[in-house]
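# Fold and geometry: a report
Take a look at the letters that make up each chain.
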Amino acid sequence: MSTTETKQKSIWRHLGPIIRKYWVRYLCGILILAAVDISQTIIPGITATVIDDLSSFTATAHTLLVALLQISALVAGITVGRYFWRFLIWGSARYLEQEVRDNLFAKYLELSADFHDVHKTGDLMALVTNDLEAVRQSLGDGLLMISDFFIMTTFTLIAMLRFNRSLTLLALIPLALIALIVTRAGPLVFKLFKRVQDAFSALTDYVEEAMTGMRIIKVFTREKDAARGLRAKAMDLQRRDIRLIKVWGLAGPLIDFLGAISVLVLLWYGGILATRGTFTIGGLVAFNTYIGMLAWPMTALGQAINLFQRGQASAARINEILDQSSTIQELPGAAPIERELRGDIVFEHVTFEREGHKILDDVSFHIASGERIGVIGPIGSGKTTIVSLLTRAYDPSAGKVLVDGVDVRQYRLKDLRRAIGVVTQDVFLFSDSLEENINVTDLPVSEKEIGEATKQSDIYNNISEFKDEFGTIVGERGVTLSGGEKQRVTIARAFLKKPRILVLDDALSAVDADTEKHILDNIAGFKSRPTTIVISNRISALRQMDRVLVLNAGRVAEEGTHGALLRKHGWYWRVFRRQLVEHKVEKE
Ligand SMILES: Nc1ncnc2c1ncn2[C@@H]1O[C@H](COP(=O)(O)OP(=O)(O)OP(=O)(O)O)[C@@H](O)[C@H]1O
Ligand SMILES: [Mg+2]
């Protein structure tokens, strides 16, 4: 998509429908804000009358009481009104933020692996935090300030003009300068602020990565470097913060200075008028208040512009993500699976390309329902990719993957993935209890079934020895478990699903040979006889399989039973001989 095309698309395309839901609240909020502003401009008028009456000795107890009551009523109204506009405008912005966050997160969940391959976690996190906050602020504070600017300026000016025209115009000159400074400094402040934000996210990224890699840092004794790295990032943030303060710190006093000039103009010219008898003391006092009241909307204008610019930049980033659609789509007419799948798998001339590189190259094979297949091959030969295509993390660039004779694209994703149980090569545990980590399905599962699955994956006894048994919390990403324990927990997770197709991707690497045999025997004993794919580089695991596929550089190099492959005297046979020797050495 070209940038011009993106630009032409409305910034409101995703926000608009959500804002529309809350427009009544927004409108009520702004109307109340207007009422509050008008009330504020009335009070100095009343005060002026009281002062003038007092100085000309025409005030009575009655007129004073009336003025007092009027002011009290207005102040009470202003207080209540302020509460409600805050509630309505800020509240709506919060609702809005929540909805956009829900939509964004749903998008993250929907988008397929290729999206997540290229987007950094830190960036995706920033979108649902910082960027979303910027959007919320522009639609809360920003909207509020801009409304306040227009309403407050208009009504204060009307009130001032009714007192004295020439004085109003004179006093306005310094205030107009404030508006000029603020709107001019705005873009610079925006730029500096953005740089602060960038440095801040770099810092958080760094801390996050350091915490995740804490074990590596310690074991390679890189603490000093890690601390130095943090210091560099923090210094950078500090430098940028200071730059921002320098600009903003200058603007603030300058604004106050110009406000004071306005008051000086008032005293000078208003004083002359007063001595001539064309202006009253009450008028002078009221004007002083009005000037004070105008200074805020001028600054608010600048801040509002600032907030809108930030909000716009963030909304654009959010929109870009919300515009995306998953490359993994169900074909139209994908129907729910009526009966259980049999688990018959066919790869038909499957090629999978990434950046011009063929990761799988014209791969074809057939795995019959209930068959147990071993897959072996050098590092990076495409073993895991086969699983990714089967579960539709990706779709092939050419060729077809069929399950039970039907293209996998014709199944509903949910049904397809429910039928396949995968133990991934990278073990992932949530920082939750063991039970929650094993039972990740949305189907009702009994305690007995969890017990069974953990026995079959040979982890039941270990868990029983833990203090809290199945309630044991495993720490972030399972740090409190050993590698072998983690692996077996994830195997139990796949077993519990009772899948029609079971895939173990290098899932036995951290367990000893006896446990490996035990678990494989258990799978062989499953009454449901799932189609089983065991990816492993250990011949001891593969020799128990019905058939073995040997992958090399994205192609099926050899294929056959363990015995047949040995007779071929090819790559498989060589690996077998090497492992036999290693095994013997181990025994000695
Ligand atoms: N999402 C991806 N984008 C680009 N290249 C990828 C992607 N996934 C894998 N690759 C590359 O494809 C090749 C095959 O990867 P794959 O994970 O299938 O290998 P493997 O046979 O499972 O290796 P291992 O034995 O190390 O697990 C590798 O060279 C890898 O770098
Ligand atoms: Mg792999």
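Quantities reported herein were computed from a predicted structural model and do not represent experimental measurements.

### Quick look at the overall build of the chain
Looking only at helices and strands, the chain has 20 helices and 10 strands in total. By the compact-globule yardstick of 25 Å for 588 residues, the chain is too spread out, its C-alpha radius of gyration being 36 Å. Counting across all 588 residues of the chain, residues that qualify as buried make up 33%. Here the contacts in the chain between residues at least 6 apart in sequence split such that 80% fall between residues at least 24 apart.

### Some words on the environment of leucine 192
By the element assignment, leucine 192 lies in helix α7 (residues 165-212). On the basis of neighbour count, leucine 192 is assigned to the buried category, with 20 C-beta atoms found within 10 Å. With 89 residues separating them along the chain, leucine 192 and isoleucine 281 place their C-alpha atoms 45 Å apart. What leucine 192 contacts, discounting residues up to four positions off in sequence, is Arg240, Arg243, Leu244 and Val247.

### Observations concerning the site of ligand 1
The full set close to ligand 1 counts 13 residues, and Arg354, Gly380, Lys383, Thr384 and Thr385 are the nearest of them. The class makeup of the residues in the shell around ligand 1 is two nonpolar, seven polar and four charged.

### Regarding the sheet that holds strand β1 (residues 345-354)
In space, the four strands of this open sheet follow the order β2-β1-β4-β5, with antiparallel pairing throughout. Each having just a single partner strand, β2 (357-367) and β5 (406-407) make up the two edges of the open sheet. Of the pairings in the sheet, the one linking β1 to β2 comprises seven bridges and is antiparallel in character. Its bridge partner lying in β2, isoleucine 345 is registered against isoleucine 367. With respect to the sheet, helix α11 (residues 383-390) is in contact with β1, β2 and β4 (398-403), its orientation differing from that of β1 by roughly 110°.

### As for the nonpolar core
Core analysis: the largest hydrophobic core is formed by 63 residues, its most contacted members being Val375, Ala492, Val503, Leu504 and Val548. If you tally residues by element for this core, the top one is helix α16 (residues 483-496), at six residues. When near neighbours in sequence (up to four residues on either side) are disregarded, valine 375 contacts Lys383, Ile386, Ile533, Ile535, Leu549 and Leu551. Among the nonpolar cores identified, the runner-up in size contains 55 residues, and Met145, Phe163, Ala295 and Ala315 belong to it.

### Some thoughts on the confidence of the model for the chain
When the pLDDT values of the chain are averaged, the result is 85; 97% of them are 70 or greater. Considering only residues more than four positions removed or in separate chains, one finds that residues 1-6, a stretch of pLDDT under 50, has one contact.

### Some words on the pairing of strand β3 (residues 372-376)
Here β3 lies mainly inside the structure; five of its five residues are buried. Of the two faces of β3, the one lined by Arg372, Gly374 and Ile376 and the one lined by Ile373 and Val375 are each fully buried. Where β3 and strand β9 (residues 547-552) come together, four bridges link them in parallel fashion. Among the inter-strand pairings, isoleucine 373 is bridged to a residue of β9, identified as arginine 547.

### Quick look at the packing of α7 against helix α10 (residues 281-323)
Between α7 and α10, whose axes approach to 9 Å, the crossing angle comes to 20°. The angle between the axes of α7 and α10 places the two elements in the roughly parallel class. Relative to α10, α7 is oriented so that their crossing is right-handed. Contacts between α7 and α10 pair Leu167, Ala171, Leu175, Ile178, Ala179, Val182, Thr183, Ala185, Gly186, Val189 and Phe190 from the former with Phe287, Ile291, Leu294, Ala295, Met298, Thr299, Leu301, Gly302, Ile305, Asn306, Gln309 and Arg310 from the latter. Looking at the contact of α7 with α10, its residues break down into 16 nonpolar, six polar and one charged.

### A closer look at the environment of alanine 507
Relative to the elements of secondary structure, alanine 507 occurs in the loop between β7 (501-505) and α17 (513-525). The sequence separation of alanine 507 and alanine 419 amounts to 88 residues, and the corresponding C-alpha distance is 19 Å. Excluding its chain neighbours within four sequence positions, the residues that come into contact with alanine 507 are Val423, Gln487, Thr490 and Ile491.

### Quick look at unusual backbone geometry
One non-glycine residue with positive phi stands out, namely threonine 221, at about 40°. Its location among the elements puts threonine 221 in the loop between α8 (214-219) and α9 (223-275). In this structure threonine 221 comes out as exposed when scored by C-beta crowding, with 8 C-beta atoms within 10 Å. In this structure, lysine 498 is a non-glycine residue whose phi angle is positive, near 45°. When the 20 C-beta atoms within 10 Å are taken as the criterion, lysine 498 is described as buried.

### So, the sheet that holds β7
The six strands are arranged β6-β7-β8-β3-β9-β10 in an open sheet whose pairing can be described as mixed. Each edge of the open sheet is held by one strand with a lone partner, namely β6 (420-423) and β10 (555-560). Looking at each pair of strands side by side, their axes are set apart by 15° on average, direction ignored. Looking at chain direction, β3 and strand β8 (residues 531-535) are connected through four bridges and run parallel. Bridged to valine 375 within β8 is isoleucine 535. Sitting on the sheet, α16 touches β6 and β7, and the angle it makes with β6 is about 180°.

Conventions used here
Residues numbered from 1 in each chain as written. Chains lettered and ligands numbered in written order. Predicted model: local features only at pLDDT ≥ 70, side-chain atom pairs only at ≥ 80, totals over all residues. Helix = DSSP H or I, 4+ residues; strand = E, 2+ residues; numbered from the N terminus. Rg over C-alpha atoms; globule rule 2.2 N^0.38 Å. Buried ≥ 20, exposed ≤ 12 C-beta atoms within 10 Å, placed from the backbone. Contact = placed C-beta atoms within 7 Å. Near = placed C-beta within 6 Å. Nonpolar A, V, L, I, M, F, W, Y, C, P; charged D, E, K, R; others polar. Pairing = 2+ DSSP bridges. Axes fitted to C-alpha atoms, helices over the stretch in contact; angles between N-to-C directions. Core = buried A, V, L, I, M, F, W, Y, C linked by C-beta atoms within 7 Å. pLDDT = per-residue confidence, 0-100. Parallel < 35°, antiparallel > 145°, perpendicular 65-115°, else oblique. Left-handed = near helix turned anticlockwise from the far one by under 90°.

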